Amino acid sequence: MTRGKSHDRPATPVRMCVICRGRFAKSDLTRHVPAAGVGAGLLPDPRAAMPGRGHYLCANPECAEKFLKYSGRPRRRRGGQGE
Ligand SMILES: [Zn+2]
């Protein structure tokens, strides 16, 4: 049987969970963006309408728990504005 490469998958946007680094469909992840102000943590952005670098969190409860620490820990700001 020669099916060749007929992997016709729908082009689902995939993002990586910042905690477990697993890859998930974007629709399964919650986007968070840095809040204004240093050390203000990350804000959920369900509508993906806010500017800033997106941090995606999967639906795993363990990740949600770790994400609290992750987002609560202020990081040293690096110069420049990356995507
Ligand atoms: Zn995760």
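These figures come from a predicted structure and were not determined experimentally.

Overview of the overall build of the protein chain
Working step 1: The helix and strand tally for the protein chain stands at one helix and five strands.
Working step 2: Shown N-terminal to C-terminal, the secondary structure of the protein chain runs as helices and strands in the order β-β-β-β-β-α.
Working step 3: A burial count over the protein chain gives 24% of its 83 residues as buried.
Working step 4: Here the contacts in the protein chain between residues at least 6 apart in sequence split such that 40% fall between residues at least 24 apart.
Working step 5: When the accessible surface of the protein chain is totalled, it reaches about 7,100 Å², and 50% of it is carbon and sulfur.

Examining the coordination of the zinc ion
Working step 1: On the protein side, the zinc ion has C17 (SG), C20 (SG), C58 (SG) and C63 (SG) as donor atoms, found 2.3 to 2.4 Å from it.
Working step 2: Relative to the metal, the four donor atoms surrounding the zinc ion lie at angles of 101 to 118°, and the coordination shape comes out tetrahedral.
Working step 3: Going along the chain, you hit the donors of the zinc ion in the pattern C-x2-C-x37-C-x4-C. Here C20, found in the loop between β1 (14-16) and β2 (23-25), pairs with C58, found in the loop between β5 (55-57) and α1 (61-72); they are 38 residues apart in sequence, far enough to count as distant.
Working step 4: Taking the relative accessible area as the measure of exposure, C20 reaches 38% and is therefore partly exposed.

Concerning unusual backbone geometry
Working step 1: Although it is not a glycine, R21 sits at a positive phi angle of roughly 60°.
Working step 2: Residue placement: R21 occurs in the loop between β1 and β2.
Working step 3: For A48, which is not glycine, the phi dihedral falls at a positive 50°.
Working step 4: With respect to the helices, strands and loops of the structure, A48 is situated in the loop between β4 (42-44) and β5.

Section: the sheet that holds β5
Working step 1: Spatial ordering of the open sheet is given by β4-β3-β5, a layout of three strands whose pairing is antiparallel. Two strands close off the open sheet at either side, each with one partner strand: β4 and β5. Geometrically, the sheet is characterised by an average inter-axis angle of 35° between neighbouring strands, direction not taken into account.
Working step 2: Alignment of strand β3 (residues 30-34) against β5, held across three bridges, turns out to be antiparallel. Looking at the pairing, H32 lines up with H55 of β5.

A short note on the packing of aromatic side chains
Working step 1: Inspection of every chain in the model, using the stated rule, returns one aromatic pair.
Working step 2: Centre to centre, the rings of F67 and Y70 are 5.5 Å apart; their planes meet at 25°, and the pair counts as stacked. One end of the pair is F67 and the other is Y70, both in helix α1 and three residues apart, which spans about a single turn. The same class applies to F67 and to Y70, which are both buried.

What counts and how
Residues numbered from 1 in each chain as written. Predicted model: local features only at pLDDT ≥ 70, side-chain atom pairs only at ≥ 80, totals over all residues. Heavy atoms only, no water. Helix = DSSP H or I, 4+ residues; strand = E, 2+ residues; numbered from the N terminus. Buried < 20%, exposed > 50% of the residue type's maximum accessible area, 1.4 Å probe, protein only. Contact = heavy atoms within 4.5 Å. Areas by Shrake-Rupley, 256 points an atom, 1.4 Å probe, with all protein chains shown as cover. Donors = N, O, S within 2.8 Å, 3.2 Å for Na, K, Ca; no water. Tetrahedral: all angles 85-135°; square planar, octahedral: opposite > 155°, others 65-115°. Pairing = 2+ DSSP bridges. Axes fitted to C-alpha atoms, helices over the stretch in contact; angles between N-to-C directions. Phe/Tyr/Trp six-rings, centres within 6.5 Å; stacked < 30°, edge-to-face > 60°.

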